[in-house]
Amino acid sequence: MRHFSRYMKINVNYYAMFREAAGCSNEVVEAASSNAVELFESLKTKYDFAMCRSHVRLALNDAFVDWDTPLNDGDSIVFIPPVAGG
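Residues numbered from 1 in each chain as written. Predicted model: local features only at pLDDT ≥ 70, side-chain atom pairs only at ≥ 80, totals over all residues. Heavy atoms only, no water.

Undergrad: It is not clear to me how helix α2 (residues 36-47) should be interpreted in this structure. Could you clarify?
TA: Since the α-helix advances by 3.6 residues per turn, residues separated by three or four positions end up pointing in the same direction. The end-to-end C-alpha distance of α2, which contains 12 residues, comes to 16 Å, matching closely the 16 Å that a straight helix rising 1.5 Å per residue would cover. Listed in full, the buried residues belonging to α2 are Ala36, Leu39, Phe40, Leu43 and Tyr47. Axial view of α2: buried residues confined to an arc of 95 degrees, hence all on one face. The inward-facing, buried residues of α2 abut β1 (8-13), α1 (16-22), β2 (26-31), β3 (57-60) and β5 (76-80). At the N-terminal boundary of α2, the capping side chain belongs to asparagine 35, with an oxygen 3.0 Å from the backbone nitrogen of valine 37. (Helix = DSSP H or I, 4+ residues; strand = E, 2+ residues; numbered from the N terminus. Expected span 1.5 Å × (residues − 1). Buried < 20%, exposed > 50% of the residue type's maximum accessible area, 1.4 Å probe, protein only. Arc of directions from axis to C-beta. Contact = heavy atoms within 4.5 Å. Polar contact = N/O pair within 3.5 Å; in protein donor to acceptor, adjacent residues only side chain to side chain.)

Undergrad: Would you mind showing me how to read the pairing of β2 here?
TA: Successive side chains on a regular strand alternate, one facing one side of the sheet and the next facing the other. Covered by surrounding structure in β2 are Glu27, Val29 and Ala31 only, the residues Asn26, Val28 and Glu30 on the alternate face being uncovered. When β1 meets β2, the two strands line up antiparallel, connected through 6 bridges. Looking at β2, one finds that lysine 9 is bridged to glutamate 30. (Pairing = 2+ DSSP bridges.)

Undergrad: Can you walk me through the nonpolar core in this structure?
TA: Where a protein is soluble and globular, its nonpolar side chains tend to be buried together. Counting 22 residues, the largest nonpolar core has Val12, Tyr14, Phe18, Leu39, Leu43, Ile77 and Phe79 as the members making the most contacts within it. In terms of residue count, α2 provides more of this core than any other element does, 5 residues in total. If near-sequence neighbours (up to four positions away) are discounted, isoleucine 77 is found in contact with Ile10, Asn11, Val12, Asn13, Ala36, Leu39, Leu58, Ala59, Leu60 and Leu71. (Core = buried A, V, L, I, M, F, W, Y, C linked by side-chain atoms within 4.5 Å.)

Undergrad: Quick question: what am I supposed to make of the side chain of aspartate 75 here?
TA: When you line up the elements, aspartate 75 lands in the loop between β4 (63-64) and β5. In this structure aspartate 75 comes out as buried when scored by relative accessible area, which is 7%. At 2.9 Å, the side chain of aspartate 75 and the side chain of asparagine 61 are in polar contact. Beyond its immediate stretch of four places on either side in the chain, aspartate 75 contacts Lys9, Ile10, Asn11, Leu60, Asn61 and Pro70.

Undergrad: I tried to follow the sheet that holds β3 on my own but got confused; where do I start?
TA: Hydrogen bonding along the main chain pairs the strands of a sheet, whether they run parallel or antiparallel. What the 5 strands build is an open sheet, ordered β2-β1-β5-β3-β4; its pairing is mixed. Of all the strands in the sheet, the pair left with one neighbour each is β2 and β4. Two strands pair when backbone bridges link them, and β3 and β5 are joined in this way by 4 bridges, in the antiparallel orientation. Bridging from a neighbouring strand, leucine 58 pairs with phenylalanine 79 of β5.

In structure tokens:
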């Protein structure tokens, strides 16, 4: 039995350290990732993100969601690093 990957186009927006590492503020990524964990880990490898997932908030289609939320073609995702303020 053959396994076929389902590639989707995901709109990724980068802020702060993620924007610096990726070299852009947004891009459309073609991915076979089924959830945000897989997508984040693949982008972390590609761009050498220094931050681990446990310190990052996730927004999918303008709403905060859990990391295991399924991704769909055309989704917009934002990985939000911690914000320092004072």
